[in-house]
Amino acid sequence: METKAVNRPMRKKDAMALVTGQPVYTDDLAPKECLIVKLLRSPHPHALVEEIDISKALKVAGVEAVFTYKDVPDIRFTNAGQTYPEASPYDRLILDRRVRYVGDPVAIIAAETEEAAERAMRLIKVKYEVLEPVLDPRTAKDGPILVHPEDNWQSLCPVGADNKRNLCSSEASEGGDVEKAFAESDVVIERTYHTKANQQAMMETFRTYAYTDIYGRLTVVSATQITFHVRRIVATALGIPKSKVRVIKPRIGGGFGAKQTAVSEVYPAFVTYKTGKPSKIVFTREEAQTASSPRHEMYLDVKIGAMKNGKIKAIELHTLSNTGAYGEHGPTTVGLSGHKAIPIYSKAEAFRFTADVVYTNVMAAGAYRGYGATQGIFAIESAIDELSHILNIDPALLREMNITREGDFMPAYYGETANSCALDRCLARVKEMIGWESKYPRRIMENGNIRAVGLALALQGSCISGLDVASVAIKVNDDGFYSLMIGASDMGTGCDTILAQMAADCLLCEPENIVVYGVDTDVSPYDSGSYASSTTYITGNAVVKTCASLIEKIKEYGAKKMGCNPKEVDFDGKRVYKTATDESITLKDLANFAMNFSDTALYASEMHTSPVSPPPYMAGAVEIELDRETGKIEVINYKACVDCGTVINPNLARVQTEGGIAQGIGMALYEDISYNKAGVMRNNSFMQYKLPTRQDIGTVEVTFESSYEPTGPFGAKSIGEIVINTPSPAIANALDNAVGVRIRELPLSPEKVYMEMIKNED
Amino acid sequence: MEIKLWINGKLINDDVSPDTPLLEYLRSKGCYSVKRGCETSNCGLCTVWLEDKPTLSCTVPLMRANNKHITTLEGLKSDAEELGGFLADEGADQCGFCNPGFLMNVLAMAKELEDPTEDEINEYLTGNLCRCTGYTGQLRAVKKYLEHKRKGG
Ligand code: FES
Ligand code: FES
């Protein structure tokens, strides 16, 4: 199909509103009379509330209500934004007598002002029975302390969960004869890698307001990626029918997966449900850092067998994932650590992947861009470089020999075939961009610093195959402009715009002729949500289908008006015309006729789902400068090449990639959630949790090598998540190339680098 | 306490609690472009001009704004649209939450620095965090905007 809008760098539809600071975000829209909701949080990682006295708090002027575990329904639910029945266990109450991490809510306070809420909070007296916590995930499974001993804990899906063993899930899969492949290998390496929890740290923290609408229904307005799932989560948590809940998503100030968990929604929903009054909660940055939904910490044991000539025979990975106090996204993220890392090298004869996800008494983890793949790829891509040094083969060459190529069967990737794959071209491109041949491995600078290069590859999915669904609806309005209604949440990534670009090409019109609306559960067609990189691929396909059926309707109506058979007409975007005579009727006239003594609705809605999830691919190459005196790594250049299929909007895809790389650099170099011995999180602000600034990321250059995905809309795959996956392994590999120091635990902080360099010298 | 200040040129006399942060006060007066991203003066989202100097409004207690002129993005509509257009053309606005504070600082920089280098730009704007764009697109947009200004745009 010829494209006019697709593959063009169009401005985002909401760009001017956003850049000029219009009031479009949740807290800008909340009614002024909202009760302010605050949460009293546990100071202990594991305790039982013995007594809680709220009498003094209730006397504070302006306090409307204080709720404790005694007031909430005894119904367990999950905050994970996933399709029902969720893979994440039902392990939460709105407020629980047992608190499971430092920050777990103990009481909900609703007051007219922030000051009153805070004063009331200080006056709540809680007596805890302090219990021993489980803080190390490596001792959690089958340990003596249970995080979720309760009998009404429930796992809805067969994910190998057992709360009496601290297991949120476990899995195992393999292909080929693993033992034989290892036995035949000339070299077998075994290494353990450790990735930490990271915060998405989107600039807009979690926030939600709720009110009762004119029909007496609970309306929840929230910064969320999962508008429809929030409806179910809130209704389930409150024990009310789903028909009583409406959820609206305005513009959201970033998500990266954080808002794929209903972190803040249930609290104001509960307050408004109980009091009948509008209420809102805005998380402080401290709360967003300490009581939210970060990346799962993982320990990854990698074993790779290869021949001396560099042929990889077998890859085995065991992942231990720490889901913290609650199991949101625990069972699903861990799968990606294997299934989205091992298939980079599908030419291997055999693979095995096993995993355990355990509960501990730290903040619950959640979904963060990359969703487990990031952790798995750090491990596999680090191990590949370690192997290359042992085999004495250039790591780029070792990859060229073993990577998945177009047409390859990928046993570890759910048995799918790589129908569109330009990974080989991506790799060749970044080698050239970084100047691999002349720069590998290192050179010493005049000031004594070392410059070195490192490489890493990545893949991801384009949806959750066999699960994600998206529907869209398009209607024709006066004069023939279109309304495109979607249920996918634009979180700044521009999906409203790219979907309009696709619709414009299908409907043969300008994108300006299409108004996009999303998301309101009362109005928008169902979409499982903006996650798993699915919007371009799944919702995009729904757009293509819907446009096709709308065109049929337009043609039928046009034929009817011209008194002929629909087979005799065609549609060129502006008019329906008889192919034989060119007699025509304009879309404008048809649209207006349809609103006057008409029995024809010019409206179509279609749904899409996919049995496959064609992976996008990426190669990243970094040049670092290492200060040998301090161990500090500076990123000088980052070169990336992505195969996301057809690029729908080159500007937006490029900025996605640049943004993901910057986040990945943060993860590689400094972002580190850690806890002290008492289970208190150390990184509760941007002082203690450093995000990369514009002076920290070097020069980033992004290019695309497009394959054509036959099942994708216009040949497109996904871009949202893969872009965070290469920096950690590429930088770790560059460090090894610089000084022969291999660090297997993120982040690559100067202290760690320095200590390892000293060890090496000894 | 009684205060008097100008918000975007408009005189306001008010009775306020003196330690209210300027940020929250500005929002309560309808300047919703002013955003909060942290409690530790690290993010730059709350940047406004206090007597034409870019200032973190989260760190300014209201009494320090007494008798002063405050400018927010609401008061710089045409500048915002002009500079914002360059960001939009690069796709360098993702969630947009960081943009108002960022624009305030870029506009201040454009007045203060003559023909800044890339390093100078990055240094001037380093306090403005953006978690979405990775800064590279913002840099492209700022350079194009400055170029446009140099040419008398
Ligand atoms: S709100 Fe973060 S610096 Fe002011
Ligand atoms: S665009 Fe989202 S933080 Fe900058």
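Definitions and limits used
- Residues numbered from 1 in each chain as written.
- Chains lettered and ligands numbered in written order.
- Predicted model: local features only at pLDDT ≥ 70, side-chain atom pairs only at ≥ 80, totals over all residues.
- Heavy atoms only, no water.
- Helix = DSSP H or I, 4+ residues; strand = E, 2+ residues; numbered from the N terminus.
- Expected span 1.5 Å × (residues − 1).
- Domains from an automatic or database assignment.
- Contact = heavy atoms within 4.5 Å.
- Buried area = accessible area lost by both parts, 1.4 Å probe.
- Salt bridge = Lys/Arg side-chain N within 4 Å of Asp/Glu carboxyl O.
- Buried < 20%, exposed > 50% of the residue type's maximum accessible area, 1.4 Å probe, protein only.
- Axes fitted to C-alpha atoms, helices over the stretch in contact; angles between N-to-C directions.
- Parallel < 35°, antiparallel > 145°, perpendicular 65-115°, else oblique.
- Left-handed = near helix turned anticlockwise from the far one by under 90°.
- Nonpolar A, V, L, I, M, F, W, Y, C, P; charged D, E, K, R; others polar.
- Patch = residues over 30% accessible without salt bridge, like charges linked within 9 Å, V, L, I, M, F, W, Y side chains within 5 Å.
- Areas by Shrake-Rupley, 256 points an atom, 1.4 Å probe, with all protein chains shown as cover.
- Pairing = 2+ DSSP bridges.
- Polar contact = N/O pair within 3.5 Å; in protein donor to acceptor, adjacent residues only side chain to side chain.
- Core = buried A, V, L, I, M, F, W, Y, C linked by side-chain atoms within 4.5 Å.

## Here's the deal with helix 15 (residues 535-562) of chain A
Owing to its 3.6 residues per turn, the α-helix brings residues three or four apart onto one side. With 28 residues, helix 15 of chain A should reach 40 Å at 1.5 Å per residue; the first-to-last C-alpha distance of 39 Å fits that figure. With its phi angle positive at about 70°, Gly 563 of chain A sits one or two positions after the end of helix 15 of chain A.

## Here's the deal with the domain arrangement of chain B
By a frequent convention, interface size equals the accessible area lost on bringing the separate parts together. Residue and element names in this part refer to chain B. Domain parsing of chain B yields domain 1 (2-74) and domain 2 (76-150). At the interface, 16 residues of domain 1 touch 17 residues of domain 2. In this assembly, domain 1 packs against domain 2 so that about 1400 Å² is buried in total across both faces, 68% of it on carbon and sulfur atoms. For domain 1, the biggest contributors to the area lost against domain 2 are Leu 45, Trp 49 and Leu 73; these three give 45% of the whole. In this assembly, domain 1 and domain 2 are joined by zero salt bridges.

## So, the environment of Cys 426 of chain A
Residue and element names in this part refer to chain A. Within the fold, Cys 426 resides in helix 12 (residues 423-434). For Cys 426, a relative accessible area of 0% puts it in the buried group. Sequence spacing of Cys 426 and Leu 457 is 31 residues, and the spatial spacing of their C-alpha atoms is 8.9 Å. Setting aside residues no more than four positions away along its own chain, Cys 426 makes contact with Tyr 617, Ala 619, Cys 641, Val 642, Asp 643 and Glu 705.

## Description of the packing of helix 2 (residues 77-90) of chain B against helix 5 (residues 136-150) of chain B
Residue and element names in this part refer to chain B. Two elements in contact, helix 2 and helix 5, have axes separated by 8 Å at closest approach and are oriented at 135°. Comparing their axes, helix 5 and helix 2 come out oblique. In this structure, helix 2 crosses over helix 5, and the sense of that crossing is right-handed. Every residue of helix 5 that contacts helix 2 at Glu 82, Leu 83, Phe 86, Leu 87 and Glu 90 is listed here: Gly 137, Gln 138, Arg 140, Ala 141, Lys 144, Tyr 145, His 148 and Lys 149. Split into classes, the residues belonging to the contact of helix 2 with helix 5 amount to five nonpolar, three polar and five charged.

## What to know about a nonpolar patch on the surface
Residue and element names in this part refer to chain A. A contiguous nonpolar patch, built from Tyr 754, Met 755 and Ile 758 and spanning about 260 Å² of accessible area, is present on the exposed surface. Mapped onto the secondary structure, Tyr 754 falls in helix 19 (residues 750-761). A relative accessible area of 33% means that Tyr 754 is categorised as partly exposed.

## A few points about the pairing of strand 19 (residues 450-459) of chain A
Residue and element names in this part refer to chain A. With 10 of 10 residues buried, strand 19 is to be regarded as a mostly interior element. As paired elements, strand 18 (residues 442-444) and strand 19 share three bridges and run antiparallel to each other. By the bridge assignment, Arg 442 is partnered in strand 19 with Ala 452. Linking two consecutive strands that pair antiparallel, namely strand 18 and strand 19, is a turn of five residues; a positive phi of about 95° is found at Gly 448 within it. Across 10 bridges, the pairing between strand 19 and strand 27 (residues 617-627) is antiparallel. Pairing of Arg 451 across the sheet is with Glu 625, part of strand 27.

## Some thoughts on the domain arrangement of chain A
Residues and elements named next belong to chain A. Domain annotation of chain A identifies domain 1 (31-133 + 200-290), domain 2 (421-461 + 614-762) and domain 3 (465-609). Put simply, the middle of domain 1 and the middle of domain 3, counted by C-alpha atoms, are 38 Å apart. The partner domain 3 presents 19 residues to the 22 residues of domain 1 that form the contact. Both faces combined, the contact of domain 1 with domain 3 buries some 1600 Å², and carbon together with sulfur accounts for 47% of it. Area buried by domain 1 at its contact with domain 3 is led by Gln 225, Phe 228 and Lys 249, which between them contribute 38% of it. Viewed at the interface, domain 3 and domain 1 are joined by five salt bridges. Ionic pairing is found between Asp 490 and Arg 251, a salt bridge with its closest N-O pair at 3.8 Å. Viewed at the interface, domain 3 and domain 1 are joined by 12 residue pairs in polar contact (both at pLDDT 80 or more). Elements with a contribution of two residues or more to the side of domain 1 that touches domain 3: helix 6 (227-238) and strand 11 (245-248). The class makeup of the residues in the side of domain 1 that touches domain 3 is seven nonpolar, 10 polar and five charged.

## Description of the nonpolar core
Residue and element names in this part refer to chain A. In terms of nonpolar packing, the biggest core is built from 176 residues, with Ile 94, Ile 108 and Ile 731 touching the most fellow members. By residue number, the principal contributor to this core is helix 10 (residues 373-391), which donates nine residues. Excluding residues that lie within four positions of it along the chain, Ile 108 makes contacts with Val 37, Lys 38, Leu 39, Ala 65, Val 66, Phe 67, Ile 94, Leu 95, Tyr 267, Phe 270 and Val 271. Cys 463, Leu 550, Cys 564 and Ile 585 belong to the second-largest nonpolar core, a separate cluster that totals 49 residues.

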